[in-house]
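An overview of the molecular structure
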Amino acid sequence: MELKEAVAKLKEHQRLMNAYNHAMGVMYYDIETAAPKNAIGGFSDTMAALSEITYKLSVNEENFELLDFLSAHADELDEITRREVEEAQKGLKLMRNIPIDEFVEYQRVQSEASAVWHDAKVKSDYAMFEPHLKKLVEFSRRFASYAEPDMDPYDYWLNEFEEGFTQDVLDKYFEKIKAALVPLIHRIGEKGQPDDSFVYKFYPIEKQRELSDHLMQVIGINRDDCSIGETEHPFTTGFNKHDLRITTHYYENALTYSMYSVIHEGGHATYEMGNCDELIGSPLSGGASCGMHESQSRFYENIIGRSRAFCDLVFPKIREMFPEQLEGVTEEDFYRAVNKAEPSLVRTEADELTYSLHVLIRYEIEKKLMHGELDTKDLPAEWNRLYKEYLGVDVPSDKEGCLQDSHWSGGSFGYFPSYSLGSAYGAQMLAAMRKDLDLDKLISEGRIDEITAWLRERIHKYGMIKKPAELLRISCGEDFDPDYYIKYLTDKFTEIYGL
Amino acid sequence: MELSDAVSEFKRILRLKEAYRRALCVMSCDNMTSAPKNSAAGYAASSAVLSGKSYELTAGREFGDLVGLLCNRADELDEITRREAEEQMREYELMRRIPEAEYVSYKRLLGVAFSKWQEAKRSDDFELFRPYLDEVFSGARRMAELASPGTDPLDHWLDRNERGTSREMLDDFFGRIRGELVPLIKRISRMPKPEAGFLHRTYPKAGQRAFSDEIMQLMGIDRDRCSIAEVEHPYTTFISRDDVRITTHYYENDVSANMFSVLHEGGHALYELNISPELSGSPLAHGASAGMHESISRFFENIVGRSEAFSRLIFPRLRARFPEQLSGVSAEQFHRAVNRVEPTLKRTQADELTYCLHIMIRYELEKLLLSGRAQAGDVPGLWRELSLEYLGIDVPSDSLGCLQDMHWGSGLIGYFPTYALGNAYGAQIFAAMRRELDTDALIESGRIPELTAWLAERICRFGKLRTPARLIESACGESFDPGYYIRYLTEKYGALYGV
């Protein structure tokens, strides 16, 4: 085979895969945002049929030979093509080892579980979801053993989501977080909390939608490239740098929930919109890893969005939109309210400080599930026990407990730690960025696009061309170091609470 | 090959085809309702790949042989499989006669012609579209000659769009319309017009949205199976039996536009929602034809929606939502206003009575263009002449005249008559229904689902198992007779206007 011909074959394969993935992505977005409830049956069938096609397109001897041939000639390939081949090989490692029937069955179980989880959450009925979760756990353990029979199954998944971050790294990471943050949270608990009752007044959804539009404008999102929808659980999905979708959820009695969801998801979207043009249609478009994606969403949500400068920038407009609800509330009151650090029940509503403890709890549970040390039937009890131990809160219902997140219903185990790592990456990038930019000044003047430009140049433009560890070196000039994160949180909350 | 193997292979291909169709439908819906503007290029690329893949499934010799085998042993097949094979054979035979290169280049021409039409309409410059319109018609003639040699090209296209329809039948149909409706419209035009200004006060969208929900509820549409979204030009998409999407457009200064859009699109939805579950996933699980679909949508829009009984049912509800805008207006006045007869420039804004004249103009032009007796360059002039003759109105611009519809630019030749046939089918079906049901009493007491049940039993449930002609016969006990339509309009509007 000629190398040129092989590359052309690879690109044609990618073009087809891109079309199928695009269709499935749109269908997924549609089922979450627009489809009527009973569409789910037809949706599952269609997804199963399309998944089978893409599976067959990728998992066949001809494609393996093509990739092996290209891997053997990696030195002669341009950087993008070389990384495409590498990622394809990585992705196929699992697929090469799963029988198609199991894969198709998995897809079916997964979309069913996802639908049942929606219902179970509404009804706070864990028992109805449990058999589905049990199946998904079994699939995950089995798939891991297919791909890497000698590897610990949880390590396998952790490494899939965030290369290099397996249990030996994460055990230490979370120990460090626990040691630094639990006492800090305890000390804060002895201080008085700011009055944030104004956040929970009545904020009509129609007006909150306008606020979303305003915030997207402030963080510099081009609406011709990115739309916003409404779902139970906010997320971002994208089909190329000119077609991103973020979603939010409006609560009439919680102003900041949607607000920070929009900024968070907007951060994810900004990452992908910043991909270089060469990546359009390439499987390397998007973000380098879950953790890197999360670092960007949290950079916008917390580091920018919960800064004093940002509150000064946006609060006057918010007060203007809700004059009655926010009468007499100052920028500083707002800043204190959105940085209120207090143990809570729901991860997505957790404050910046206690957030990583929510992740720690999930990490410990996943570890046990993956090792068969925890039966899915006992999950609620274990969940509630850990919330009591680390956060000191009593979980009143599974809706606010172990049914709160969609991840497990989608078959994702090992994803949660990347949220916490993302925050840690972000804090390290912040320290590097401060050497080049006067961040507070830029934010207070509404020049967030200049911050985005810094990130785009060092992170966003690369998509998956560079791996997370490499991106940290490019943007920060050094390897991953969690101490930046601990210092960032300690400084910020020590100042706020006057410790 | 064993017959049972042939059947399962045939069903496998149809299932795949159905998956492509659903994915493409969802993508198209998403493109119209949720996607950001710049997603267009990516959407076009992906949908082209998927359409091509879907086309390949049934275009090859192998598939033709498979279907041939099934058709040869049709007696041994169940009814559904037999009809599926028949339909596929018909498509295959037609396509087989057209050389692929010619077909592809005609498709390409249509792509260009459509964008030229858009441009021409936007800039009101017919000359931009003229050469393409000539090419579309000569291409359509060529396709017809290849696919149906020895058949009048118009007959080919009429039959393609509405099985069993011919020039002979339509000439007779439109002849009667010309003879009986044109004079009626002339008489009505001399009568005083009912007051309709109250329909054009300011009706906020939020109230209209709630009203849409109420209409859908009155129609008995199961919202778990049918959603509603907002677009520029309303349409309905059928994804599966349990997943139908209707759309509407809200005009704050026209409360009836949305009301009749919801009734019309809701009618399309009810057709599909009532197809027999046995047909689920089959290509037969859709309305029998464009005309038959239109008959049901217009049944709900006009025959039900513009009836006196419905006005009495709906008006108090409408007034309860908009008490200020409708203070002092009676149900009787409302009924007259929504049945106001007034020739319009645009087909889509035409009233029930003059609608068919718009179709007649298009039909006459299609006859001339397809036979080569007129050229595209003659179209603007002929359009003006015919509009003046039939509708008595002057056409001020081509944008509002011969460029108003997208059909010709997208290759829909001989399609317009299906709209008129739909009206005529509906009137005949209504006459049959009235022999069994007291429709006025049912409508006025809000028992519209009983009308739907009648339609479901005689029309909807069969999907494409029966041809339109056969459905009319089985539903009405006689073959198609346009006299019902003429009588329905003459009696209704004669009474309303006292002529």
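Residues numbered from 1 in each chain as written. Chains lettered and ligands numbered in written order. Predicted model: local features only at pLDDT ≥ 70, side-chain atom pairs only at ≥ 80, totals over all residues. Heavy atoms only, no water.

**Here we look at the overall build of chain A**
Helix and strand counts for chain A stand at 20 helices and 3 strands. In terms of overall dimensions, chain A is globule-like: its C-alpha atoms have a radius of gyration of 23 Å, near the 23 Å expected for 499 residues. Taken along its principal axes, the extent of the C-alpha atoms in chain A is 70 × 50 × 45 Å. Sorting the 499 residues of chain A into buried and exposed places 60% on the buried side. For chain A, restricting intrachain contacts to residue pairs at least 6 apart in sequence, the fraction spanning at least 24 positions comes to 73%. Surface summary for chain A: the accessible area is close to 19,500 Å², and the carbon and sulfur share equals 49%. (Helix = DSSP H or I, 4+ residues; strand = E, 2+ residues; numbered from the N terminus. Rg over C-alpha atoms; globule rule 2.2 N^0.38 Å. Buried < 20%, exposed > 50% of the residue type's maximum accessible area, 1.4 Å probe, protein only. Contact = heavy atoms within 4.5 Å. Areas by Shrake-Rupley, 256 points an atom, 1.4 Å probe, with all protein chains shown as cover.)

**Overview of the pattern of salt bridges**
Applying the stated criterion to the full structure yields 93 salt bridges over all chains. A salt bridge links B:Arg347 to B:Asp405; its shortest N-O distance comes to 3.0 Å. Of this pair, B:Arg347 sits in the loop between helix H13 (331-338) and helix H14 (355-371) while B:Asp405 sits in the loop between helix H15 (379-391) and helix H16 (416-436), placing them 58 residues apart in sequence. Like B:Arg347, the residue B:Asp405 is buried in the burial classification. Connected via shared salt-bridge partners are A:Arg83, A:Glu86, A:Glu87, A:Lys90, A:Glu163 and A:Lys467. (Salt bridge = Lys/Arg side-chain N within 4 Å of Asp/Glu carboxyl O.)

**Comments concerning the sheet that holds strand S2 (residues 236-240) of chain A**
In a beta sheet, neighbouring strands are held together by backbone hydrogen bonds and run either parallel or antiparallel to one another. Residue and element names in this part refer to chain A. On the basis of which strands lie adjacent, the open sheet formed by 3 strands has the order S1-S3-S2 and mixed pairing. Each edge of the open sheet is held by one strand with a lone partner, namely strand S1 (226-230) and S2. Taking each pair of neighbouring strands and ignoring which way they run, the sheet shows an average axis angle of 20°. The sheet contact formed by S2 and strand S3 (residues 243-248) spans 4 bridges and is antiparallel. (Pairing = 2+ DSSP bridges. Axes fitted to C-alpha atoms, helices over the stretch in contact; angles between N-to-C directions.)

**Things to note about the sheet that holds strand S3 (residues 243-248) of chain B**
Residues and elements named next belong to chain B. Taken in spatial order, the 3 strands line up as S1-S3-S2 in an open sheet, and their pairing is mixed. This sheet does not close on itself; its edge strands, each paired only once, are strand S1 (226-230) and strand S2 (236-240). Across the sheet, the mean angle separating the axes of adjacent strands is 20° when strand polarity is ignored.

**Some points on the interface of chain A and chain B**
Counting residues at the interface gives 34 residues for chain A, matched by 30 residues for chain B. Buried surface at the junction of chain A and chain B, summed over both partners, amounts to about 2,500 Å²; 61% is from carbon and sulfur atoms. Among the residues of chain A in contact with chain B, A:Pro36, A:Asn38 and A:Asp224 are the three that bury the most area, contributing 20% of the side total. Where chain A meets chain B, there are 3 salt bridges. As a salt-bridge pair, A:Arg245 and B:Asp30 come within 2.7 Å of each other at their nearest N and O atoms. At the junction of chain A and chain B, the tally comes to 13 residue pairs in polar contact (both at pLDDT 80 or more). (Buried area = accessible area lost by both parts, 1.4 Å probe. Polar contact = N/O pair within 3.5 Å; in protein donor to acceptor, adjacent residues only side chain to side chain.)

**Things to note about helix H15 (residues 379-391) of chain A**
All names here are of chain A. Taking 1.5 Å of rise per residue, 13 residues should cover 18 Å, and H15 covers 17 Å from first to last C-alpha, within 8% of that figure. Taken together, the buried positions of H15 are occupied by Leu379, Pro380, Glu382, Trp383, Leu386, Tyr387, Tyr390 and Leu391. Relative to the axis of H15, the buried residues are bounded by an arc of 160° and lie together on one face. Looking at the buried positions of H15, the neighbouring elements they touch are helix H6 (126-147), helix H8 (167-189) and helix H14 (355-370). Downstream of H15 by one or two residues, Gly392 has phi in the positive range, about 70°. (Expected span 1.5 Å × (residues − 1). Arc of directions from axis to C-beta.)

**Looking at unusual backbone geometry**
The phi angle of most residues is negative, glycine excepted, and most peptide bonds adopt the trans form. Phi at A:Ser124 is positive, roughly 50°, even though this residue is not glycine. Within the element layout of this structure, A:Ser124 appears in the loop between helix H5 (100-123) and H6. We note that B:Asp124 has phi near 50°; this positive angle belongs to a residue other than glycine. Among the structural elements, B:Asp124 can be located in the loop between helix H5 (100-123) and helix H6 (126-147).

**Notes on the nonpolar core**
Ranked by internal contacts, the top residues of the largest apolar core, which has 149 residues, are A:Leu70, A:Phe310 and A:Ile318. A per-element tally of this core places helix H16 (residues 416-436) of chain A first, with 10 residues. Leaving out residues up to four positions away in the same chain, A:Phe310 has contacts with A:Leu215, A:Val218, A:Ile219, A:Ile263, A:Ile304, A:Gly305, A:Ile443 and A:Ile448. Residues B:Phe129, B:Ala147, B:Met219 and B:Met433 belong to the second largest nonpolar core, which totals 138 residues. (Core = buried A, V, L, I, M, F, W, Y, C linked by side-chain atoms within 4.5 Å.)

**Some details on the packing of H6(B) against H14(B)**
Packed helix pairs are characterised by how far apart their axes lie and by the angle those axes make with each other. Residue and element names in this part refer to chain B. Direction vectors running N to C along H6 and H14 enclose 75°, while the axes themselves pass 8 Å from each other. The angle between the axes of H6 and H14 places the two elements in the roughly perpendicular class. Contact residues: Phe137, Ala140 and Arg141 in H6; Glu366, Leu369, Leu370 and Ser371 in H14. Of the residues assigned to the contact of H6 with H14, the class counts are 4 nonpolar, 1 polar and 2 charged. (Parallel < 35°, antiparallel > 145°, perpendicular 65-115°, else oblique. Nonpolar A, V, L, I, M, F, W, Y, C, P; charged D, E, K, R; others polar.)

**As for the packing of helix H1 (residues 3-33) of chain A against helix H3 (residues 61-72) of chain A**
Residue and element names in this part refer to chain A. Contact pair H1 / H3: the axes reach a minimum separation of 10 Å and the direction vectors enclose 125°. One element, H1, and the other, H3, form an angle in the oblique class. For H1 against H3, the interelement crossing comes out left-handed. Where H1 abuts H3, its residues Leu3, Ala6, Val7, Lys9, Leu10 and His13 lie against Glu62, Asn63, Leu66, Leu67, Phe69 and Leu70. Residue classes in the contact of H1 with H3 are distributed as 8 nonpolar, 2 polar and 2 charged. (Left-handed = near helix turned anticlockwise from the far one by under 90°.)

**Here's the deal with the state of the cysteines**
On inspection of all chains with the given rule, the structure shows 0 disulfides over all chains. Residue A:Cys226 stays outside any disulfide, its sulfur separated by 19 Å from that of A:Cys276, the closest cysteine. No disulfide involves B:Cys29; its nearest neighbouring cysteine sulfur is the one of B:Cys25, lying 7.0 Å away. With a relative accessible area of 5%, B:Cys29 lands in the buried category. (Disulfide = S-S within 2.5 Å.)

**Observations concerning the confidence of the model for chain B**
Averaged over all residues, the pLDDT of chain B equals 95, while 100% of them reach at least 70. Across the whole predicted complex the pTM is 0.88, and at the interface the ipTM reaches 0.87. (pLDDT = per-residue confidence, 0-100.)

**Details of helix H12 (residues 308-321) of chain A**
Residues and elements named next belong to chain A. For H12, spanning 14 residues, the distance from its first C-alpha to its last is 20 Å, which sits close to the expected 20 Å at 1.5 Å a residue. Taken as a whole, H12 carries its principal kink of about 35° at Val314; the proline Pro316 stands between one and four residues after it. Looking at H12, one finds that the buried residues are Ala309, Phe310, Cys311, Val314, Phe315, Ile318 and Met321. Lining the buried residues of H12 we find helix H9 (205-218), helix H10 (255-273), helix H11 (290-304), helix H13 (331-338), helix H17 (439-444) and helix H18 (448-458). (Bend = angle between axes of the 7 residues up to and from the residue.)

**With respect to the side chain of A:Gln208**
All names here are of chain A. Within the secondary structure, Gln208 sits in helix H9. Since its relative accessible area comes to 2%, Gln208 is described here as buried. Those residues in contact with Gln208 that sit more than four places away from it in its chain are Tyr203, Tyr250, Tyr251, Glu252, Ala254, Leu255, Ser258 and Phe322.

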